[in-house]
Amino acid sequence: MERLKRLCKKIFFLKPLPTVLIAVPSFVFVCIVLCMEDHSALSYVAYLLSAYAMIVTITGMPRIIDAIRTGIREMALVKKIRSTPLGKRLLEDVVFRSEVTLHGELVINLLYVALNLFSGIRYRSAWFMALAFYYILLSIMRAVLVRYVHRRPMGEDIISEWKRYRACGSILLLMNQALVGILVYMVTQNRGFSYPGFMIYAMAMYSFYIVIVAVINVIKFRKHGSPVMSAAKVINFTAALVSMLSLETAMLSQFGSHQPEFRRMMLSASGGVVCVIVLTMAISMIVRSTKQIQKSNHYPQT
């Protein structure tokens, strides 16, 4: 068993450089095969390589991120920024950096709302309009957290943070119901959308990146003890899941338009998984925060 574990580690847990050298050519290869619509034995080789590349990318992403961070820290410009009080705080204070990031994420969310509204009206797409509504709810959650951090630093009033955490869980529960409705419509009407040109490949890389980073952050920031910070990372994870679902919908529309039943099956399965994950997170947030608030009421802080 130990030998098997060591073998699996050697095969699937690579160092940063081998991971990049395997992943990048494999992803380029499968993109070329998809563009050519090749259904020969070469396409199966491309699919197998891309599957392996995806596994080593996921397992190797923490090492790649650490290597990139180490390289960035040694840059002359970064050292100069760190020499200033604000730069040092931004680079070394996790809580402060999260507060700054939260504001940026709210702005990006609002831009996504505007982009999807424009696309929905321009292309008369129910999917883009539904995404706009979804990102509006995400923006509301982020606005709740941004408004809180304007009033007091994260980690100062834990009970107030748990109340915001519960509010985000409640909004997430509402969002999940909206997502279920969107998926039912997409599956029953067999509707979809596609990105123009090679944009779908850029969206694929971006979607995989934000999912990996979101998973790492959800786990990483639980230990910091700030419910507001944890809620922000859960919101990021939810946005990443929806991004992956959008990517799948676009890829099925672009490459699987001649197989409507397969598209329905895949969208139903993956959409169901995403809805269950979001529902579980929402209920967990509500239950966990309610317990913490009740515990505080029984044992008030002195």
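Heads up: the structure comes first, above all this text.
Treat the numbers as computed from the prediction; the structure is a model and nothing was measured.

*Asks:* Explanation requested: the overall build of the protein in the structure shown.
*Replies:* Broken down by element type, the protein carries 11 helices and 0 strands. Ordered by position from the N terminus, the helices and strands of the protein form the series α-α-α-α-α-α-α-α-α-α-α. Taken over 302 residues, the protein has a buried fraction of 41%. In the protein, once contacts between residues fewer than 6 apart in sequence are set aside, the share between residues at least 24 apart is 73%. Accessible surface, the protein as shown: approximately 17,400 Å² in total, 68% of it carbon and sulfur.

*Asks:* Sorry if this is basic, but what is going on with the side chain of Ser-160 here?
*Replies:* Counting through the fold element by element, Ser-160 comes out in helix α8 (residues 158–188). Owing to a relative accessible area of 13%, Ser-160 belongs among the buried residues under this scheme. Every residue in contact with Ser-160, bar those within four places of it in the chain, is listed here: Tyr-148 and Arg-152.

*Asks:* I'm lost on the packing of helix α7 (residues 126–151) against α8 in this one. Help?
*Replies:* Between two packed helices, both the angle of their axes relative to each other and the distance between the axes serve to describe the pair. Their axes nearest at 10 Å, the elements α7 and α8 cross at an angle of 180°. Accordingly, the angle class assigned to the pair α7 and α8 is roughly antiparallel. Here the residues of the contact of α7 with α8 are counted per class, giving 22 nonpolar, 1 polar and 3 charged.

*Asks:* Is there a simple way to explain the nonpolar core in this structure?
*Replies:* Nonpolar side chains tend toward joint burial in soluble globular proteins. Counting 48 residues, the largest nonpolar core has Leu-138, Met-141, Leu-145, Leu-172 and Met-175 as its most contacted members. Within the residue set of this core, elements represented by two or more residues are α6 (94–123), α7, α8, α9 (199–220), α10 (227–255) and α11 (260–298). With 12 residues, the single largest contributor to this core is α7. Dropping the residues within four chain positions of it, Leu-138 is found in contact with Asn-109, Met-175, Ile-235 and Ala-239.

*Asks:* Can you help me understand the packing of aromatic side chains in this one?
*Replies:* Aromatic ring pairs: the centre-centre distance and the angle between the two ring planes describe each pair. Overall, the coordinates contain 2 aromatic pairs when judged by the stated rule. Summarising the aromatic geometry, the rings of Trp-162 and Tyr-165 are spaced 5.2 Å apart at their centres and angled 85° between planes, so their arrangement reads as edge-to-face. Taken together, the positions of Trp-162 and Tyr-165, both in helix α8 and 3 residues apart, correspond to about one turn of that helix. Classification of Trp-162 as buried rests on a relative accessible area of 8%. Overall, Tyr-165 belongs to the buried group, its relative accessible area being 5%.

*Asks:* Would you explain the environment of Ala-46 in this entry?
*Replies:* In this fold, Ala-46 is placed in helix α3 (residues 41–73). The buried category is assigned to Ala-46, whose relative accessible area is 0%. Spatially, the C-alpha atom of Ala-46 lies 7.0 Å from that of Ser-26, the residues being 20 residues apart in sequence. Apart from residues lying up to four places away in sequence, Ala-46 is in contact with Phe-29, Val-30 and Val-33.

*Asks:* I would appreciate a short explanation of the environment of Met-285 in the present structure.
*Replies:* Tracing the sequence through the fold places Met-285 in helix α11. Here Met-285 falls in the buried class, since its relative accessible area comes to 3%. In the structure, Met-285 is positioned 120 residues away from Tyr-165 in sequence and 6.7 Å away in space, judged by C-alpha atoms. Not counting residues up to four positions away in its chain, the partners in contact with Met-285 are Tyr-165, Cys-168, Gly-169, Leu-172, Ala-231 and Val-234.

So, how was this worked out
- Residue numbers here run from 1 along each chain, matching the order of that chain's written sequence.
- Since the coordinates come from a predicted model, pLDDT governs what is reported: local features require at least 70, and pairs of side-chain atoms require 80 or more to be given and counted, while whole-chain, interface and lining totals use all residues.
- Only heavy atoms go into the side-chain values, all of them from the structure, while hydrogens and water stay out.
- By the criteria applied, helices consist of DSSP H or I runs no shorter than four residues and strands consist of E runs no shorter than two, each listed in order from the N terminus.
- Burial classification: accessible surface area is computed with a 1.4 Å probe over protein chains only, and a residue below 20% of its type maximum counts as buried, one above 50% as exposed, and the rest as partly exposed.
- Contacts are assigned to residue pairs with any non-hydrogen atoms lying within 4.5 Å of each other.
- In short, Shrake-Rupley with a 1.4 Å probe defines the accessible areas, and a residue's cover is counted only from the protein chains shown.
- Orientation is described by axes fitted as lines to C-alpha atoms, over the contacting stretch for helices, and by angles from 0 to 180 degrees between their N-to-C directions.
- An angle below 35 degrees is treated as roughly parallel, one above 145 as roughly antiparallel, one from 65 to 115 as roughly perpendicular, and anything else as oblique.
- Throughout this entry, Asp, Glu, Lys and Arg are counted as charged residues, while Ala, Val, Leu, Ile, Met, Phe, Trp, Tyr, Cys and Pro are counted as nonpolar. The remaining residues, Gly among them, count as polar.
- Throughout this description, the term nonpolar core refers to a set of buried Ala, Val, Leu, Ile, Met, Phe, Trp, Tyr and Cys residues connected via side-chain atoms within 4.5 Å.
- Stacked, edge-to-face and tilted are the three classes for Phe, Tyr and Trp ring pairs, Trp counted by its six-membered ring, which pair at centre distances within 6.5 Å; planes under 30 degrees apart are stacked, over 60 edge-to-face, the rest tilted.

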